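One-letter residues, chain by chain:
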Amino acid sequence: MIEAEDIKPWLFRIEPFDGESLSHFLGRFRRANDLTPSGLGKAAGLGGAITRWEKFRFNPPPSHQQLENLAAVVGIDADRLVLMLPPAGVGMKMEPIRLCGACYAESPCHRIEWQFKETQGCNRHLLRLLSECPNCGARFKVPALWVDGWCHRCFTPFVEIVKLQKVFVN
Ligand SMILES: [Zn+2]
Ligand SMILES: [Zn+2]
């Protein structure tokens, strides 16, 4: 059981977005606190797990104890962290990293559901997910590295990418 006084008081907390993937959340948390993946892994007693999770490598899946350790450092309930992971039994695509620009315009984050194997398109916007920049063809970086919200090669903002997204026919 983790008590409130165990939560590291010197770290900045950040609020997760609805649907945000763990990779995107960890990247934001690390930058707010100037931590490397290994630095966060050390602070949480998780070794190299942070580096793996930022790349959606969830095999073996994070244990309850690991999530409690991370929860104590990021100041968010372990139950909330579970929502940033694929549900049990749902297959994950580690790559390519996918994106709906219309979703990103509403809520600037990478959504975990985009990496589910079964996810073909965005059901909210009825658009196909992009697996590379439609302007220059670059693959998207892992979401932990999405600092500016634009393509790292041609600088097209993710919020403008929606104009180049194709309609998704289910
Ligand atoms: Zn969408
Ligand atoms: Zn590009």
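Data block above holds the structure.
Everything quoted here is computed from the prediction, not taken from an experiment.

**Student:** Quick question: what am I supposed to make of the coordination of the zinc ion (ligand 1) here?
**Tutor:** In an ideal octahedron of six donors the angles at the metal are 90 or 180 degrees, and in an ideal tetrahedron of four donors they are 109.5 degrees. Each protein donor to the zinc ion (ligand 1) is listed here as Cys100 (SG), Cys103 (SG), Cys122 (SG) and His125 (ND1); together their distances run 2.1 to 2.3 Å. Here the zinc ion (ligand 1) binds 4 donor atoms, and the angle range of 100 to 118° at the metal identifies the geometry as tetrahedral. The sequence pattern describing where the donors of the zinc ion (ligand 1) fall on their chain is C-x2-C-x18-C-x2-H. In this pair, Cys100 is assigned in the loop between helix H5 (78–82) and helix H6 (101–106) and Cys122 in strand E1 (residues 121–122), connecting sequence segments 22 residues apart. The buried category is assigned to Cys100, whose relative accessible area is 0%. Exposure remark for Cys122: the relative accessible area of 2% places this residue in the buried category.

**Student:** What's the story with the packing of aromatic side chains in this structure? I'm lost.
**Tutor:** In this description, a pair of aromatic rings is defined by centroid distance and the angle of the planes. In this structure the tally under the stated criterion is 7 aromatic pairs. Between Phe140 and Phe158, the ring centres sit 5.6 Å apart and the planes meet at 85°, which makes this aromatic pair edge-to-face. Of the two residues, Phe140 is situated in the loop between strand E2 (127–128) and helix H7 (158–161) and Phe158 in helix H7; the sequence distance between them amounts to 18 residues. Judged by relative accessible area, which is 8%, Phe140 ranks as buried. Residue Phe158 is classed as buried on the basis of its relative accessible area, which comes to 2%. Put simply, the rings of Tyr104, Phe140, Trp146 and Phe158 touch in pairs and so form one group of aromatic residues.

**Student:** I tried to follow the nonpolar core on my own but got confused; where do I start?
**Tutor:** One broad trend across soluble globular proteins is that nonpolar side chains are buried collectively. In terms of nonpolar packing, the biggest core is built from 45 residues, with Leu22, Trp53, Leu70, Leu81 and Phe140 touching the most fellow members. The element that contributes the greatest number of residues to this core is helix H4 (residues 64–74), accounting for 5 residues. Two domains each put at least three residues into this core: domain 1 (10–82) and domain 2 (101–164). Ignoring any residue separated from it by four or fewer positions in sequence, one finds Leu81 in contact with Leu22, Phe25, Leu67, Leu70, Ala71, Val74 and Ile76.

**Student:** Sorry, what's going on with the coordination of the zinc ion (ligand 2) here?
**Tutor:** Looking at the zinc ion (ligand 2), the protein donor atoms are Cys133 (SG), Cys136 (SG), Cys151 (SG) and Cys154 (SG), and they sit 2.3 to 2.4 Å from it. Read N to C, the donor residues that coordinate the zinc ion (ligand 2) are spaced as C-x2-C-x14-C-x2-C. Separated by 18 residues along the polypeptide, Cys136 in the loop between E2 and H7 and Cys154 in the loop between E2 and H7 bring together distant segments of the chain. Its relative accessible area of 25% is what places Cys136 among the partly exposed residues.

**Student:** I keep staring at unusual backbone geometry and nothing clicks. Help me out?
**Tutor:** Most peptide bonds take the trans form, and the phi angle of most residues other than glycine is negative. Geometrically, the link from Asn59 to Pro60 is a cis peptide bond, its omega value of 5° lying close to zero. Among the structural elements, Pro60 can be located in the loop between helix H3 (49–54) and H4. In this structure, Pro96 follows Glu95 across a cis peptide bond, with omega equal to -5°. Checked against the element boundaries, Pro96 lands in the loop between H5 and H6. The backbone phi angle of Asp34 is positive, close to 55°, even though this residue is not glycine. Checked against the element boundaries, Asp34 lands in the loop between helix H1 (22–32) and helix H2 (37–43). A positive phi angle is found at Phe56, which is not glycine, with a value near 60°.

**Student:** Looking at this structure, I do not really get the side chain of Arg111. What am I missing?
**Tutor:** Looking at the secondary structure, you find Arg111 in the loop between H6 and E1. Its relative accessible area of 13% is what places Arg111 among the buried residues. Polar contacts involving the side chain of Arg111 include one to the main-chain carbonyl oxygen of Asp18, which spans 3.4 Å. Discounting chain neighbours no more than four positions away, the residues touching Arg111 are Asp18, Gly19, Ser21, Cys103 and Arg124.

Calculation rules
- Residues numbered from 1 in each chain as written.
- Chains lettered and ligands numbered in written order.
- Predicted model: local features only at pLDDT ≥ 70, side-chain atom pairs only at ≥ 80, totals over all residues.
- Heavy atoms only, no water.
- Donors = N, O, S within 2.8 Å, 3.2 Å for Na, K, Ca; no water.
- Tetrahedral: all angles 85-135°; square planar, octahedral: opposite > 155°, others 65-115°.
- Helix = DSSP H or I, 4+ residues; strand = E, 2+ residues; numbered from the N terminus.
- Buried < 20%, exposed > 50% of the residue type's maximum accessible area, 1.4 Å probe, protein only.
- Phe/Tyr/Trp six-rings, centres within 6.5 Å; stacked < 30°, edge-to-face > 60°.
- Core = buried A, V, L, I, M, F, W, Y, C linked by side-chain atoms within 4.5 Å.
- Domains from an automatic or database assignment.
- Contact = heavy atoms within 4.5 Å.
- Polar contact = N/O pair within 3.5 Å; in protein donor to acceptor, adjacent residues only side chain to side chain.

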